[in-house]
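# Close look at the chain arrangement
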Amino acid sequence: MRRTGTTSHRAHRRSAALCALALGAALTVTLPAPASAAARVDNPYAGATAYVNPDWSARASAEPGGSVIADEPSFVWMDRIAAIAGTSGARGLRAHLDTALAQGADLFQVVIYDLPGRDCAALASNGELGATEIDRYKNEYIDPIASILADPAYASLRIVALIEPDSLPNLVTNAGGSDGSTAACATMKANGNYEKGVGYALHTLGAIPNVYNYVDAAHHGWLGWDSNFVPAAQEFRKAAATEGAAVSDVHGFIVNTANYSSLKEPYFKVTDAVNGTTVRQSKWVDWNYYVDELSFAQALRTELVRQGFAPDIGMLVDTARNGWGGSARPGAAGPQTSVDAYVDGGRVDRRIHAGNWCNQSGAGIGERPTAAPEPGIDAYVWAKPPGESDGNSQPVDNDEGKGFDRMCDPTYTGNGRNGYNPSGALPGAPLAGHWFSAQFQELLRNAYPPLNGQGA
Ligand code: BGC
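Below you will find a few notes about this structure. The model shown is predicted, which means the values in this text are computed figures rather than measured ones.

Thresholds applied
Residues numbered from 1 in each chain as written. Predicted model: local features only at pLDDT ≥ 70, side-chain atom pairs only at ≥ 80, totals over all residues. Heavy atoms only, no water. Phe/Tyr/Trp six-rings, centres within 6.5 Å; stacked < 30°, edge-to-face > 60°. Helix = DSSP H or I, 4+ residues; strand = E, 2+ residues; numbered from the N terminus. Buried < 20%, exposed > 50% of the residue type's maximum accessible area, 1.4 Å probe, protein only. 1 Å grid on protein atoms, 1.4 Å probe; cavity = no way out; pocket = protein on both sides within 12 Å on 5 of 7 lines; lining within 4 Å. Points joined across faces, edges and corners; volume = space filled by probe spheres on them. Contact = heavy atoms within 4.5 Å. Pairing = 2+ DSSP bridges. Axes fitted to C-alpha atoms, helices over the stretch in contact; angles between N-to-C directions.

## Let's talk about the packing of aromatic side chains
All chains considered together, the criterion is met by 10 aromatic pairs. Ring geometry for Trp 56 and Trp 382: centres 6.3 Å apart, planes at 80°, overall edge-to-face. Here the residue Trp 56 occupies a position in helix H3 (residues 54–61), and Trp 382 occupies one in the loop between strand E12 (377–381) and helix H14 (437–445), the gap between them amounting to 326 residues. With a centroid separation of 5.5 Å and 40° between ring planes, the pair formed by Phe 236 and Phe 253 is classed as tilted. Taken together, the residues span a long stretch of sequence, with Phe 236 in helix H11 (residues 226–239) and Phe 253 in strand E7 (residues 252–255) at a distance of 17 residues. We note that Phe 236, like Phe 253, is buried.

Right, dumping it as C-alpha cells:
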C-alpha cells in the first residue's frame with residue numbers, strides 16, 4: 001500500500017460496489033455503470049501496463065546501447081495544437097492511443113502543455129499561444145483533446161494527464177517582482193490565464209471517467225523554501241476551483257517534471273549539522289527545507305491535503321534524468337571540515353546550482369518507471385523522454401514558437417533564478433523536444449541505478 005494513513009475513500013467506494021455485486025449475484029441484475037469518480041482506481045499505475053511510444057523507442061534503440069531502455073514507457077507531449085493531429089515528426093493523439101490499444105497497454109500518459117503565454121520565466125519552450133489567447137486554448141486545444149480521450153474506444157485505458165508543467169509555480173515565485181521575476185510571468189498572474197487554463201483543463205478532462213489528472217508541482221529546488229511551499233499549495237488549490245474545476249478533478253501531483261533534482265540524497269539529511277552549522281546553511285542547500293525529491297513530494301502531499309485536496313491524492317516523480325551515477329557519483333558522505341565540504345563532497349546531484357534546468361552536464365537516467373515505490377508516491381515515471389533536448393544552446397530559427405534561453409548556453413553566467421551561476425548546460429543542443437544524441441549517450445553512461453549490463 002502506498003498510503004501511510006487509513007484506507008482511502010476511493011477504496012471504500014469500490015468495496016461497496018463489489019459488495020453490491022456479490023449480493024446481487026444470485027439474481028439477474030444489470031448494475032449501472034459506476035459513477036465516474038468511483039470508476040477510477042486509487043493508483044492508476046498499480047498493476048498497469050503502460051504504453052511505450054514507438055517513435056521515441058525507435059530513436060532510443062538507434063543509439064549505441066539505447067536498446068536497454070527502449071522498452072520503457074514515457075509521456076507523449078501535446079506541446080502545440082498541431083501535435084493533436086500529428087506533425088511530420090510525431091504521430092497524433094489518436095494514433096498514439098490506437099497504438100497503445102494494439103500494444104495491449106492499459107495505461108496511457110500524456111502531457112498537456114500549451115497554455116497561453118507558456119513558460120513565462122524562460123524562453124526555450126515559449127509556445128504558440130499569446131498571453132491573452134485563452135479562448136484558443138480552450139476551443140482549439142483542450143476541447144479537441146478531450147473529445148479524443150472521451151472516445152469509448154479508449155475507455156479501457158487509464159489515461160494519466162500531466163497538467164501544464166511550470167505554469168502555476170511560475171506564478172508563485174517568478175511573478176512578484178523579486179530577483180528572477182519576469183514581466184511575462186507578472187502578465188500571466190495579472191490576467192489569470194494560467195489559472196483559467198489549468199482550471200478549464202482539470203474540469204474538462206476530469207469529466208472523463210478514465211482520465212487521471214496530475215498537476216505539475218515543480219521540484220524541491222524551486223518550491224522547497226517556506227516562502228514558496230505553502231503559497232504553492234494554495235495556488236494549486238485556487239486553480240482547482242477556477243473555471244468549474246473542483247478538487248475531485250485532481251488525482252494527484254507530479255514533481256521534477258523534465259528536471260534533474262535527485263530522488264534521494266543518501267549521504268546527508270536536511271537535519272544534519274557540521275560543527276554546529278546546519279546543512280541548510282550550506283551554499284548548495286541555501287536554506288531550503290528539502291534536499292531531494294522524495295522527501296519534498298511526500299511533504300508536499302501532506303500540505304496539499306491540508307489545503308483541501310483529497311486525502312488519497314498520489315504523487316508522481318519524473319525520474320527520467322535524475323540518476324546522477326557514473327564516475328562522478330560520490331560513494332560516501334563528504335568530509336566534516338566545513339558544512340560546504342560535507343554537502344558538496346556527499347551530494348549525488350552534481351549540478352552547479354539546483355536552479356539549473358537545461359540539458360545538464362553529468363546527469364544520468366534515473367529510476368526506471370515503477371508503480372507505488374514509496375508511501376504516498378503513485379509512481380516513478382518518465383515524463384521527459386530521455387534524449388529530447390530541453391532547449392537550444394544557440395539561437396535557432398523555428399516555427400514552434402521556441403526562443404533562445406541562455407540557460408541552455410554553456411557559456412552563460414546565469415540570472416537571479418540560478419544565483420548567477422554558470423548554466424551547466426551541454427553544448428550543441430537542438431531545439432526543445434528535438435533529439436539530442438550526445439545527451440542521450442551521457443544519460444546512459446551516468447544512469448543510476450546503473451543499466452543492465454553496465455558497471456556501477
Ligand atoms: C518542449 C516540447 C517537447 C517536450 C518533451 C519541452 O521542453 O518544449 O516541445 O515536446 O519538452 O521533450
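## Overview of empty space enclosed by the protein
Under the counting rule described, the total for this entry stands at one cavity of 30 Å³ or more. Every residue along the wall of the largest cavity is listed here: Tyr 113, Leu 115, Arg 118, Asp 119, Glu 164, Pro 165, Asp 166, Ser 167 and Tyr 194.

## Remarks on the side chain of Ser 423
Mapping Ser 423 onto the fold places it in the loop between E12 and H14. Sequence-distant contacts of Ser 423, defined by excluding residues within four places in its chain, comprise Asn 356, Gln 360, Arg 406, Met 407, Asp 409, Pro 410, Tyr 412 and Asn 418.

## A few points about the sheet that holds strand E10 (residues 314–318)
Spatially, eight strands are ordered E1-E4-E5-E6-E7-E10-E12-E11 in an open sheet, and the strand pairing comes out mixed. The open sheet is flanked by strand E1 (76–78) and strand E11 (370–374), the only strands paired with a single partner. Along the sheet, successive strands turn relative to each other by an average axial angle of 30°, direction set aside. Pairing of strand E4 (residues 107–112) with strand E5 (residues 158–163), which is carried by six bridges, proceeds in the parallel orientation. Across the sheet, residue Leu 107 finds its bridge partner in E5, namely Arg 158. Contacts between helix H6 (residues 134–149) and the sheet are confined to E1, E4, E5 and strand E6 (211–216), with E4 contributing the most and set at about 180° to the helix. Docked against the sheet, helix H12 (residues 293–306) engages E7, E10, E11 and E12, running at close to 150° with respect to E10.

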